[in-house]
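An overview of the molecular structure
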Amino acid sequence: RFVPDAFGEPGARLYATGDRVRWRADGELEFLGRMDQQVKIRGFRIEPGEVEAALTSLPGVREAVVAVREDAPGEKRLVAYVAGEASSAAELRAHLSARLPDYMVPSAFVLLDSLPLTPNGKVDRRALPAPEQGSDTEYVAPRTATEEVLAGIWAEVLGVERVGVEENFFELGGHSLLATQVVSRARQAFGVEVPLRALFEAPTVAELSSCVEALRGSGTVLAPPIERVPRTASLPLSFAQQRLWVVDRLEPGSAAYNMPYALRLKGVPDVAALQASIGELARRHETLRTTFAERDGVPVQVIHPSALVELPMVDLRALPAGAREREAERLAGLESLRPFDLARGPLLRSTLLRLVDDDHVLCFNMHHVVSDGWSMDVLVREVSALYGAFSRGEPSPLPELPVQYADYAVWQRNWLTGEVLNEQIGYWRTRLDSAPPLLEIPTDRPRIVGQSAYAASHRFTLPAGLSQSLRELSRREGATLFMTLLTTWQALLARYSGQDNVVVGTPIAGRNRRETEGLIGFFVNLLALRADLGGDPTWAGLLGRVREETLGAYDHQELPFERLVDELAVERSLTHAPVFQATFALNRSDARDPRLELGALKLEPFAVPTGAAKFDLDLSMEDAGEALGGALVYREALFDAGTMARMAGHLEVLLEVMAAGAERRISELSLLRDAERAQLLAGSRAEAVSRSTACLHELFSAQAERTPEAPAVTDGRETLTYAELERRANRLSHHLRTLGVGPEIRVAICLERGVEMLVGVLGVLKAGGAYVPLDPAYPAERLAYTLADSGAALLLTRAALRDALPGFNGEVVCVDEVARDADGLVESGVGAGNTAYVIYTSGSTGTPKGVVVEHASLTSTLLGTRDTFGFRAGEVMPVLASYAFDIWAFEVFAPLLSGGEVRLVAQETVRDVERLVEELTTVDAVHAVPALMREAVQRVQAGPGTLPRMRRVFVGGDAIPPDLLEQMQAAFPAA
C-alpha cells in the first residue's frame, strides 16, 4: 500500500512494504519480520487472512486458521485448520481451487472439532497439531512388496514422510528431474529399466507398480552397474569430454566452456577452514584433479594425487565503498573469461575477494570438461558441509564416494555399443531425418567465419497471473511446465523463421543412475527436440506433439549429443552449431532443500557477467516463485539488444494466447499487442509506399530518350552513350525472342565485368525474361548448381568463356556472336508482377538458395532511393560489387535512371586500395561495405587527405562503427 510522503513534494507517496526493519551501526537495514501476517512460500507472497476468509465462506466451515509450518528443515508449507462440519479435505481443496490461485491453496488440511484457544480466547497457534504428510487423497497403504519399495522411493525423492499408493507423483510436487531420480532408484531396487515415460503415464504407486512387475517378467536388458576400475591403465574420456577436448585443440584459450560461479559470503569467514574445504572437495572428486593428455593420438585422463589447493585472496578494503562493488564485479568477470589449459590444469580455480571484514565474494571457475550445472550444486553443498565441520575442528562428515567420473567414462564406453547403441541411433535418425540444418531466423548482422562468440542477455519476468495460468494449463493437458514453455518457444521460432519444423536443443542432467548423483563431472547431455507445426494444429495439439517428442527423447537420452552429430554425418559449418542453434531450459528452485550456509556465514548469489555464447539463442526460464523469470542469451555478433527485447515481448504475447485458449489454432496467433498493431497501421497509412507498375528496362528506355548522347557506362576499355546502350540491348533482345525468351523464362548470364555484361542484363529484361547472374570467378561446382537449380533455359556468355563453363543442357548464346541488325523495341509482354532476376545467396547452410525478385519490387526500390538521395544527371558512380549480389542493381541503375554515368570497375582495382582511391578522386558517389570503406578512407587520409568531389557516400552490409563515420565525414567534406 502507499502512504503520504511527509518528506517529499506535495502529493508524493511512499510504498509501505509491511516489512519491519532496524538500522544497524554500519548503516545497513536488518529485516526483523512482518508488520502484518503476509508470508512468502516458494517465492509467492500470500495473505493467510485472505485464505481464511475464503474458507469461512464455504458451507459447513465455522472457523478457520491458516498457518505456515516448517515441520521438516527448509520445507515451508501452507496448512489450513478447519473447525465445523466440512466433509473432507479433498472437498475443501476443490472449493478453494475454484476461488483462489493455485499457490494460495494450502498443501494440507487438518479437520478439528474446534480450534485450540489461549486463556484470553485467541487461537493458540502453538497448539495447532502437525498435519499428516502426503496429499489430500485418502491414504492407502502399500499392499505388495513392489508398492512398498516404490512408496519408499517416492517419499525419499519428494521429501515427505509417507506416500499412499493412490497419490499422484506430480500433485505431490514431482517434476521431470525428480522423476529421473525415481527411475534410477527403481532400476537399482528392481533390476529393471523403467522408462521415464512410464512415470508420466502411470503417476501413482499402484500404476507404476504394475508397470515394474510387467518389466520384471519381460526379460528386458538392464545396463550393468558402474564399478570402480583399476587406475593402472590409461583412462578414456567420456564422449562429451572428448568433444570438448577437440574443441579446445581447435580454439585454444576459448572461454566458451568456462563455468564461473560466485557466492557472496555475509559474515567473517574462517579462511583456513574454507581453503581446507575446497582442498577436501578436490581430494574427494578425482575429476577436479584431472588433466588431459594425448597418447598415440588419443586423449586420456590423467588423475593427479591430492595436493594443497590454493585460495588466493584479493583485498579490496582500501577502495572507496562504491568502488569495491564495481571492482569485485570486474574481477569476477575477468576470472570468468580466464582460459584453462586442459593439459596442465588445474581445472578448478577459486578466489576470495574481501570487500570488508564481514563481506566477501567467493569465485569458483571450472572448465565444462570436468563439471556441469548439477556439479555446481554438489560443490556448494559439500563445501558447506565441510566448512561447517572444519571450522569446528571436526573431521569431514561426508562418506567416501563409491565410484568416480573416470569409472563412469569407462562404463559408458563399454555399455554404449552393439545393440544398445544401434537402438539409440535408430531412434534419433528417425526423429531428425530431413530436419532443417539451420534455423533461419532473421539476424541483425550476417553470419561470418570467425565471428565473436561474446554473449549478451535480456532478462524478463512474466506476470504472476500468467505464470499461474501456464501451470494450470500444463496440469489440464497432462504436460509439464517445461513442455508448455518449450511449445511456445518453438512456435515463436517457427514464426520468426517461417519453418514448419523447428529443432531446439535442451540440456538434460544425464544423472539417471544413482551412482552419479553425488559426483562432480560432465554428465549433462543435449537432446534435440523437433517440433512439427505442419497441418496447422491447435495449441493443445502442438503441446501433445511436443509432449510425445520430449518423452521419447527422455527414453533415448543415453546417446551423447557428440556421438549423434557424428552418426548423422551432419555437415559442419564454421558459422553455426550443428543440428540446432537455439536451446531451451527450465530451472527450478526447490523449496525443500535446506538453506545453504557456511557455518555462521550466509550465502547469496553473486552475479557473474555473461561470457561466451555456445548457441545463437538460449532461452532459460526460472520457476522460483510466484512469477516465472526468463533470460534470453544471444550472440551479440548476430543480434541487437532491441531485437531480443522485442522477441521476449513476442514470447509473452504467445504465452498469453496459449493460456487463454489452447483450442485456438497456431495460424491464429499474432505477435503484436493491440497498441503495437495500431501503431504499425497508423504508420503504414501515414507513409504508404506506392508500388511501381513500370519495369526496369522501360524506365531505362525513357531515360535514354531524354539523354541519348550522355555517357551511360564505361569499363575502362569502352564507353557507351545512353542511345548506344539502348540500341545494343535492343538488338540482343530481338535475338533472344527468336530463341523463345519471354515472361518467366530464366536466362543465365556468365560474363566478366564490362559493358557486355550490362548489355546482357538489359537485353534479357527487354526480351521479357529474368536474368540469373553467374560470376565467372565462382567455383565450377557452384556455377553448375546454380544453372541446374535455377531452371535456366539459356546461358548467355562469351565465346572465350564457353569452354571453361560447366556442362549445360540448354541453349548457349555468345553475345559477341549475336547478329546486329534489328535494334527496335521488343514487345516483351512482361509486367510489374513478373520476375526480373533470380539472385543466389552465399549459402549459410552450405547450399545456395535462389531468391526471386519481381520488377515491381526492384523498380519501387530504385525509384525510392533515386528520389530519396537525389541522384543528378552527369554524376559518376563506380560499380564495385559483383552483379551476383543484390546491391549491384542499386549501384548500376540508381545513376542510370537519373541520367548519371556508371563505371564498371575491374576486380583488380577493387582489391588494390591505392588504385581504388585513384578511381574515387574522379567520381561523385560511391557505395562500399564498411571494411572496404575503412581501408579507402585510411588511404585517403594518408594521401590527398580529402576527396572534395565526392557528394554521396553509401555504406551498407554491416553496421557502421562511430569512428568510421567520423573519418568518412572528414575524408568526404562535400558528402
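The numbers attached to residues start from 1 for each chain and follow its sequence in the written order. Per-residue local features are limited, in this predicted model, to residues with pLDDT of at least 70; the limit for side-chain atom pairs, both in listing and counting, is 80 or more; totals at the level of whole chains, interfaces and linings are taken over all residues. Side-chain metrics in this entry use all non-hydrogen atoms of the structure; hydrogen atoms and water are not considered.

Along the backbone of the protein there are 29 helices and 35 strands. Counting only residues that meet the buried cut, the protein has 51% of its 975 residues in that class. Whether two residues are in contact is decided by their heavy atoms, any of which lying within 4.5 Å being enough. For the protein, the proportion of contacts with a sequence separation of at least 24, taken over those separated by at least 6, is 71%. Total accessible area computed for the protein in this model is approximately 44,400 Å², and 52% of it derives from carbon and sulfur atoms. Secondary structure elements are defined from DSSP: runs of H or I of at least 4 residues count as helices, runs of E of at least 2 residues count as strands, and each element is numbered from the N terminus. Only protein chains enter the calculation, and the probe is 1.4 Å; a residue is then buried if its accessible area is under 20% of its type maximum, exposed if over 50%, and partly exposed in between. Here the open area of atoms and residues is found with the Shrake-Rupley method and a 1.4 Å probe, where only the protein chains shown may cover a residue.

Further remarks concern the environment of A648. Structurally, A648 is set in helix α17 (residues 641-660). With 190 residues separating them in the primary sequence, A648 and H458 have C-alpha atoms 8.0 Å apart. A648 has contacts with H458, F460 and L632, leaving out every residue within four places of it along the chain.

Checked against the element boundaries, R530 lands in strand β18 (residues 525-532). The charged-residue count follows a simple rule in which Lys and Arg add positive charge and Asp and Glu add negative charge, with His and chain termini not counted at all. A carboxyl oxygen of Asp or Glu within 4 Å of a side-chain nitrogen of Lys or Arg is what we treat as a salt bridge. One buried charge, R530, has no salt-bridge partner; the nearest side chain with opposite charge is D433, at 6.4 Å. Any pair of nitrogen or oxygen atoms within 3.5 Å is treated as a polar contact; in protein, a donor-acceptor pairing is required on top of that, and neighbouring residues in sequence qualify only through side-chain atoms on both sides. A distance of 3.0 Å separates the side chain of R530 from the backbone oxygen of R431, its partner in a polar contact. When sequence neighbours within four positions are dropped, the list of residues in contact with R530 reads R431, L432, D433, S434, A435, Q490, N501, V502, V503 and E549.

Note on aromatic pairs: the rings of Phe, Tyr and Trp (six-membered ring only in Trp) are paired at centre separations within 6.5 Å, and the planes decide the class, stacked below 30 degrees, edge-to-face beyond 60, tilted for the rest. For the structure on display, the rule yields 16 aromatic pairs. Measuring from centroid to centroid gives 5.0 Å for Y405 and F523, while their planes differ by 75°, and the two rings are edge-to-face. Of this pair, Y405 sits in helix α11 (residues 405-415) while F523 sits in the loop between β17 (501-508) and β18, and the two are 118 residues apart along the sequence. For the pair shown, Y405 and F523 are each scored as buried. An angle of 25° between the planes, with centres 5.2 Å apart, marks the rings of Y771 and Y837 as stacked. Of this pair, Y771 sits in strand β27 (residues 770-773) while Y837 sits in strand β30 (residues 835-840), placing them 66 residues apart in sequence.

Turning next to the pairing of β30. For β30, a buried count of 6 out of 6 residues is recorded, marking the element as mostly surrounded by other parts of the structure. Strands are treated as partners if at least two bridges between them are detected by DSSP. Where β30 meets strand β31 (residues 850-854), 5 bridges bridge the pair, whose relative direction is antiparallel. If you follow Y840 over to β31, its bridge partner there is G850.

Here D359 lies in strand β15 (residues 359-367). Of the polar contacts made by the side chain of D359, one reaches the side chain of R264; its length is 2.9 Å.

We now examine the pattern of salt bridges. Using the criterion set out here, one finds 41 salt bridges in the structure. Its salt-bridge partner being E325, residue R264 comes within 2.7 Å of it at the nearest N-O pair. Of this pair, R264 sits in strand β10 (residues 258-266) while E325 sits in helix α9 (residues 321-337), and the two are 61 residues apart along the sequence. Given the relative accessible area of 10%, R264 is considered buried. A salt bridge links R338 to E335; its shortest N-O distance comes to 2.9 Å. Using a relative accessible area of 10% as the deciding quantity, one classes E335 as buried.

Each helix should span, by expectation, one fewer than its residue count multiplied by 1.5 Å. Taking 1.5 Å of rise per residue, 17 residues should cover 24 Å, and helix α14 (residues 481-497) covers 24 Å from first to last C-alpha, within 8% of that figure. Among the 17 residues that make up α14, 15 are buried, leaving the element largely enclosed by the rest of the structure.

The contact between helix α13 (residues 464-476) and α17 brings their axes to 9 Å, and the two run at 50°. The orientation of α13 relative to α17 falls into the category oblique. As for how α13 packs across α17, the hand of that crossing is left-handed. Every residue of α17 that contacts α13 at L466, S469, L470 and L473 is listed here: E652, L655, E656, M658 and A659. Residue composition of the contact of α13 with α17, grouped by class: 6 nonpolar, 1 polar and 2 charged. Geometry is summarised by axes, namely lines fitted to C-alpha atoms with helices restricted to the contacting stretch, and by angles between N-to-C directions that run from 0 to 180 degrees. Roughly parallel means an angle under 35 degrees; roughly antiparallel, over 145; roughly perpendicular, 65 to 115; everything else is oblique. The hand of a helix crossing depends on one turn: near helix anticlockwise from the far one by less than a right angle means left-handed, and clockwise means right-handed. Gly counts as polar in this scheme, as do all residues outside two lists: the nonpolar Ala, Val, Leu, Ile, Met, Phe, Trp, Tyr, Cys and Pro, and the charged Asp, Glu, Lys and Arg.

Next up on the list: unusual backbone geometry. Look at the link from G345 to P346: it is a cis peptide, with omega at -10°. Looking at where P346 falls in the secondary structure, it is placed in the loop between α9 and β14 (348-356). Within the chain, D296 stands out as a residue other than glycine whose phi angle is a positive 55°. Inspection of the secondary structure assignment puts D296 in the loop between β11 (290-295) and β12 (298-303). Here D536, not a glycine, exhibits a phi torsion of approximately 55°, which is positive. With respect to the secondary-structure elements, D536 resides in the loop between β18 and α15 (539-555).

What follows concerns the nonpolar core. Across soluble globular proteins, nonpolar side chains show a tendency to be buried alongside one another. In these notes, a set of buried Ala, Val, Leu, Ile, Met, Phe, Trp, Tyr and Cys residues joined through side-chain atoms within 4.5 Å is what counts as a nonpolar core. Counting 130 residues, the largest nonpolar core has W154, W489, F584 and L617 as the members making the most contacts within it. Every residue in contact with L617, bar those within four places of it in the chain, is listed here: I441, W489, L493, Q581, A582, T583, L632, V633, Y634, F639, M644 and M647. V713, V759, L765 and A767 belong to the second-largest nonpolar core, a separate cluster that totals 47 residues.

So, about the sheet that holds strand β33 (residues 901-904). Overall, mixed pairing links the 4 strands, which are arranged β25-β24-β33-β32 in an open sheet. The open sheet has two edge strands with one neighbour each: β25 (719-721) and β32 (876-879). Across the sheet, the mean angle from the axis of one strand to that of its neighbour is 20°, orientation sign disregarded. Relative to β33, β32 runs parallel, the two being bridged by 4 bridges.

A separate point is the confidence of the model for the protein. The predicted model of the protein has a mean per-residue pLDDT of 84, with 89% of residues at 70 or higher. Ignoring residues within four places in sequence, the model shows residues 590-595, a span with pLDDT below 50, making 14 contacts including any to other chains. pLDDT is defined as a per-residue confidence score from the predictor, taking values between 0 and 100. Scored below 50 in pLDDT, residues 685-689 makes 0 contacts in the model with residues more than four places away or belonging to other chains.

With that out of the way, let us pick up the pairing of β17. When you tally the buried positions in β17, you get 6 out of 8 residues, the bulk of the element. Alignment of β17 against β18, held across 8 bridges, turns out to be antiparallel. Directly across from T506, in β18, lies its bridge partner L527.

Bringing the packing of helix α19 (residues 696-706) against helix α24 (residues 855-869) into the picture now. Contact geometry of α19 with α24 gives a least axis separation of 9 Å together with a crossing angle of 45°. It follows that α19 is oblique to α24 by the angle criterion. Taking contact as the criterion, the partners of L696, H697 and L699 in α19 are, on α24, H855, L858, T859, L862 and L863. Looking at the contact of α19 with α24 residue by residue, the class counts come to 5 nonpolar, 3 polar and no charged.

In this section: helix α28 (residues 930-942). Residues spaced three or four apart along an α-helix face the same direction, because each turn holds 3.6 residues. End to end, α28 covers 18 Å across 13 residues, agreeing with the expected 18 Å (1.5 Å per residue, within 8%). Among all positions of α28, only P930, L932, M933, A936, V937 and V940 are buried. Buried residues of α28, seen end-on, are gathered within an arc of 155° and therefore sit on one face of the element. The outward face of α28, more than 90 degrees from its buried face, is lined by the exposed residues A931 and A942. Buried residues along α28 sit against α26 (907-911), α27 (913-920), β34 (925-928), β35 (952-955) and α29 (962-971). Arc definition: directions from the helix axis to the C-beta atoms.

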